[in-house]
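Okay, here's what each chain looks like letter by letter:
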Amino acid sequence: MTEIDDNGLVAGRRTETMGYPLPPEPPRFQPKWNHYRQYMLPSPSTGRPTAFARATTVSGTLDDTYNLNRWMERTKVAAVVGAMDAGTSDMAELVRDLRNEIHAGNGSKVNAIVDTISDLSGGRDAAELGTAVHAWLEAVDIGQIRPADVPERFQPYLTAYHDVLTRHALEPVPEYVERIVLNDAGEETVVGTIDRIYRVVTTGELVMGDLKTSKSLDHSWLSYAVQFAIYSHARLMLTVDGSGWEAMPSLNTEACFCLHVPSDQPERASCVTYDLAYGLKGMHTALEVRDLRRNAKKAVPFVHAIPTPSPEALRYAAARRAIQNISHPDDLPGLWEQYQDVWTDALTTLGMQIAALFTEGE
């Protein structure tokens, strides 16, 4: 039975910054990560711990992040300005530390303090709310808790989610909730954690599913399509105990069902189908781009040689530089005398342009 505290919340677990309550730890394997935040999992061939690229990293390769980055900059500036006006001792201390690190030129520490101020000002709210919603809905789908055990704060999300499942007669398959899968069909082996596999009650087929709580999907059509294609075309699924790999179940490879439960308006929840053929095309493009980036340092520079300049070419280059650095137009005749053996009409034209600059402001 789930342990409930005096406030009607599950005792113990909460999100790191905003303190949203979480259900008990799910009974599943918890992967390890390296310092690049890559999965460290047993190799399908050798069984040895191996680093794998994350599906979410690959799926974001093709994103146009300009507007997102600008929005993040504005948000963090607003958080810092708010911290200056807050008047609390904690914020005042953080602002002092920020000023000191800026003057000291410690960029990494400046970034860390700005992130802390942003987090404490609510910058982590959307992410941690999404984490909490995911955790509570997962706990219900795997039968770890009853729907009635979900705190009141998250009941609207649970109700909206269940409304969509009921409306479309979709059934989450408990053994395929939050499972790690491996896709080695492209230029790079990619690993990710799927949210769900749903059984379509009408046909009995299994379809990849994902739960999203973002306010809108409008800026993520491509990245989500790539992410879902990686999942749906995965070859292997990590065993429940994390010791090895097993074959993926047979899935519909044409579509993925995205259960969208907007964080600001859960009552607008819907099931959005994603075309996996488009996502698969994006996956291969993203993997190719990653490969190009990875090899660019070796493949791009110093491949072609610069022709060895002749003595005449070196004198021409010296004449051109001397013309650009004259102190007065009267210097030009002397340069012509010095370099007449390599002088061309192009140098004459350049000399006239430089000479004209001396009289532009007169």
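Residues numbered from 1 in each chain as written. Predicted model: local features only at pLDDT ≥ 70, side-chain atom pairs only at ≥ 80, totals over all residues. Heavy atoms only, no water.

K.L.:
How would you sum up the overall build of the chain? Please name residues and give values.
P.N.:
Within the chain, the regular secondary structure consists of 11 helices and 12 strands. If you line up the chain on its principal axes, its C-alpha atoms span 100 × 55 × 40 Å. Burial status across the chain gives 40% buried among its 362 residues. Of the roughly 21000 Å² of accessible surface on the chain, a fraction of 53% belongs to carbon and sulfur atoms. Mean positive and mean negative side-chain charge positions of the chain (33 and 48 charges, respectively) differ by 4 Å. (Helix = DSSP H or I, 4+ residues; strand = E, 2+ residues; numbered from the N terminus. Buried < 20%, exposed > 50% of the residue type's maximum accessible area, 1.4 Å probe, protein only. Areas by Shrake-Rupley, 256 points an atom, 1.4 Å probe, with all protein chains shown as cover. Lys, Arg positive; Asp, Glu negative; His and termini not counted. Charge placed at Lys NZ, Arg CZ, Asp CG, Glu CD.)

K.L.:
If you had to explain the layout of surface pockets to someone new, which residues and values would you point to?
P.N.:
To find the voids left in a structure, one rolls a probe of water-molecule size over its atoms. Each pocket or cavity is described by its volume, and for the second largest pocket that value is around 160 Å³. In this structure, the second largest pocket is lined by Arg-14, Thr-15, Glu-16, Thr-17, Leu-22, Asp-119, Arg-124, Glu-128 and Thr-131. Split by residue class, the lining of the second largest pocket holds 1 nonpolar, 3 polar and 5 charged. (1 Å grid on protein atoms, 1.4 Å probe; cavity = no way out; pocket = protein on both sides within 12 Å on 5 of 7 lines; lining within 4 Å. Points joined across faces, edges and corners; volume = space filled by probe spheres on them. Nonpolar A, V, L, I, M, F, W, Y, C, P; charged D, E, K, R; others polar.)

K.L.:
Could you give an account of the packing of aromatic side chains, with specific residues and numbers?
P.N.:
Tallied over the entire structure, the rule returns 6 aromatic pairs. Between Trp-221 and Tyr-274 the ring centres are 5.5 Å apart and the planes differ by 40°, which places this aromatic pair in the tilted class. Within this pair, whereas Trp-221 is found in helix H7 (residues 221–232), its partner Tyr-274 is found in strand E12 (residues 270–275), the two being separated by 53 residues in sequence. The buried category is assigned to Tyr-274, whose relative accessible area is 4%. Residues Phe-228 and Tyr-274 carry aromatic rings whose centres are separated by 4.9 Å and whose planes lie at 85° to one another, so their mutual orientation is edge-to-face. Here Phe-228 is found in helix H7, whereas its partner Tyr-274 is found in strand E12, with 46 residues between them in sequence. (Phe/Tyr/Trp six-rings, centres within 6.5 Å; stacked < 30°, edge-to-face > 60°.)

K.L.:
Explain the pairing of strand E8 (residues 206–212) to me, and be specific about the residues and the numbers.
P.N.:
Among the 7 residues that make up E8, 7 are buried, leaving the element largely enclosed by the rest of the structure. Alternating positions in E8 separate into two faces, Leu-206, Met-208, Asp-210 and Lys-212 on one and Val-207, Gly-209 and Leu-211 on the other, with burial throughout. Bridge analysis of strand E7 (residues 196–200) against E8 gives 4 bridges, and the strand direction is antiparallel. When the bridges of E8 are listed, Arg-196 appears paired with Gly-209. Between E7 and E8, which pair antiparallel and follow one another directly, the connecting turn spans 5 residues, one of which, Gly-204, has a positive phi of 85°. As paired elements, E8 and strand E11 (residues 252–260) share 5 bridges and run parallel to each other. Each bridged residue has a counterpart across the sheet, and for Asp-210 the counterpart in E11 is Cys-258. (Pairing = 2+ DSSP bridges.)

K.L.:
Can you tell me about H7, naming the residues and giving the values?
P.N.:
An ideal rise of 1.5 Å per residue puts 16 Å on 12 residues; H7 measures up with 16 Å between its terminal C-alpha atoms. Here H7 lies mainly inside the structure; 10 of its 12 residues are buried. Residues of H7 that are buried include every one of Ser-223, Tyr-224, Ala-225, Val-226, Gln-227, Phe-228, Ala-229, Ile-230, Tyr-231 and Ser-232, and no others. (Expected span 1.5 Å × (residues − 1).)

K.L.:
With reference to specific residues and values, describe the sheet that holds strand E3 (residues 49–54).
P.N.:
Taken in spatial order, the 7 strands line up as E1-E2-E3-E6-E5-E9-E10 in an open sheet, and their pairing is mixed. The sheet is open, and its two edges are formed by strand E1 (32–33) and strand E10 (245–247), each paired on a single side. Pairing geometry for strand E5 (residues 179–183) and strand E6 (residues 190–194), over 5 bridges, is antiparallel. Paired with Arg-179 across the strands is Ile-194, a residue of E6.

K.L.:
Can you break down the pairing of E5 residue by residue, with the values?
P.N.:
Two faces belong to every sheet, and in a regular strand the side chains alternate between them. Across the 5 residues of E5, 5 count as buried, placing the element largely inside the fold. Neither face of E5 is left uncovered, since the one carrying Arg-179, Val-181 and Asn-183 and the one carrying Ile-180 and Leu-182 both have all their residues buried. Between E5 and E6, which pair antiparallel in sequence order, lie 6 residues.

K.L.:
Just give me the short version of the nonpolar core, but keep the residues and values in it.
P.N.:
Counting 31 residues, the largest nonpolar core has Ile-197, Met-208, Phe-228, Ile-230, Tyr-231 and Tyr-274 as its most contacted members. Contributions of two or more residues to this core are made by helix H1 (55–59), E6, E8, H7, E11, E12 and helix H8 (276–299). Per-element tally for this core: the top contributor is H7, with 7 residues. In terms of nonpolar packing, the next biggest core, distinct from the first, is built from 29 residues, Ala-132, Ala-139, Ala-160 and Leu-165 among them. (Core = buried A, V, L, I, M, F, W, Y, C linked by side-chain atoms within 4.5 Å.)

K.L.:
Account for unusual backbone geometry, naming residues and giving values.
P.N.:
Among all residues except glycine, the phi angle is most often negative; among peptide bonds, the trans geometry is most common. For Arg-37, which is not a glycine, the phi torsion comes out positive at approximately 60°. Turning to its location among the elements, Arg-37 is positioned in the loop between E1 and strand E2 (39–42). A positive phi is found at Phe-302, a non-glycine position, where the angle reads about 65°. Summarising the element assignment, Phe-302 is placed in the loop between H8 and helix H9 (311–324). A residue is classified by how much of its surface remains accessible, and Phe-302, at 82% relative accessible area, is exposed.

K.L.:
Any chance you could break down the packing of helix H5 (residues 125–141) against helix H6 (residues 155–168) for me, citing the residues and the numbers?
P.N.:
Relative orientation of the contacting elements H5 and H6 amounts to 55°, with a least axis distance of 10 Å. On the basis of the axis angle, H5 is oblique to H6. Two packed elements cross with a definite hand, and for H5 against H6 that hand is right-handed. Counting all contacts with H5, which are made through Leu-129, Val-133, Leu-137, Val-140 and Asp-141, the residues of H6 involved are Tyr-157, Leu-158, Tyr-161 and His-162. When grouped by side-chain class, the residues that make up the contact of H5 with H6 number 7 nonpolar, 1 polar and 1 charged. (Axes fitted to C-alpha atoms, helices over the stretch in contact; angles between N-to-C directions. Parallel < 35°, antiparallel > 145°, perpendicular 65-115°, else oblique. Left-handed = near helix turned anticlockwise from the far one by under 90°. Contact = heavy atoms within 4.5 Å.)

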